[in-house]
Amino acid sequence: MVHLRSIQMIYEDEKLIFIKELGRLIEDYQKCEDQKYKELIYDDIMQLIEIIN
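Residues numbered from 1 in each chain as written. Predicted model: local features only at pLDDT ≥ 70, side-chain atom pairs only at ≥ 80, totals over all residues. Heavy atoms only, no water.

## Here we look at the overall build of the chain
And then number 1: Across its full length, the chain carries 2 helices and 0 strands.
And then number 2: Taken over 53 residues, the chain has a buried fraction of 15%.
And then number 3: Of the roughly 4,900 Å² of accessible surface on the chain, a fraction of 56% belongs to carbon and sulfur atoms. (Helix = DSSP H or I, 4+ residues; strand = E, 2+ residues; numbered from the N terminus. Buried < 20%, exposed > 50% of the residue type's maximum accessible area, 1.4 Å probe, protein only. Areas by Shrake-Rupley, 256 points an atom, 1.4 Å probe, with all protein chains shown as cover.)

In structure tokens form, the structure reads like this:
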């Protein structure tokens, strides 16, 4: 049987991974000069924000 606390810890670990990736994407977005790729990065950022929340 899996305890609720174990599930919450896994969720928090996954959330931290998503937050780190979000930071990387934001850096990529700020550095990107190609508008097409910038829009793709923005879409990824918005999807991660939705997942984190």
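Additional details are given in the paragraphs that follow.
## Remarks on the pattern of salt bridges
And then number 1: Evaluated as defined, the whole model comprises 1 salt bridge.
And then number 2: Linking Arg 24 and Glu 21 is a salt bridge whose minimum nitrogen-to-oxygen distance equals 3.3 Å. Residue Arg 24 and its partner Glu 21 are both found in helix α1 (residues 4–31); the two are separated by 3 residues, about one turn of the helix.
And then number 3: Residue Arg 24 is classed as partly exposed on the basis of its relative accessible area of 47%.
And then number 4: Note on Glu 21: relative accessible area 32%, which makes it partly exposed. (Salt bridge = Lys/Arg side-chain N within 4 Å of Asp/Glu carboxyl O.)

## Some words on the nonpolar core
And then number 1: The biggest cluster of nonpolar side chains holds 7 residues, and these are Leu 22, Leu 25, Cys 32, Ile 41, Ile 45, Leu 48 and Ile 52.
And then number 2: Within the residue set of this core, elements represented by two or more residues are α1 and α2 (35–52).
And then number 3: Each residue touching Leu 48, except ones within four places of it in the same chain, is listed here: Phe 18, Glu 21, Leu 22 and Leu 25. (Core = buried A, V, L, I, M, F, W, Y, C linked by side-chain atoms within 4.5 Å. Contact = heavy atoms within 4.5 Å.)

## So, the packing of aromatic side chains
And then number 1: Under the definition given, this model contains 1 aromatic pair.
And then number 2: Look at Tyr 29 and Tyr 42: their rings are 6.2 Å apart centre to centre, the planes differ by 45 degrees, and that puts the pair in the tilted class. Here Tyr 42 lies in helix α2 and Tyr 29 lies in helix α1, a separation of 13 residues in the sequence.
And then number 3: Classification of Tyr 29 by relative accessible area gives partly exposed; the value is 30%.
And then number 4: The ring of Tyr 29 carries the charged tip of Lys 38 above its face, separated from the ring centre by 4.8 Å. (Phe/Tyr/Trp six-rings, centres within 6.5 Å; stacked < 30°, edge-to-face > 60°. Lys NZ or Arg CZ within 6 Å of the ring centre and 35° of its normal.)

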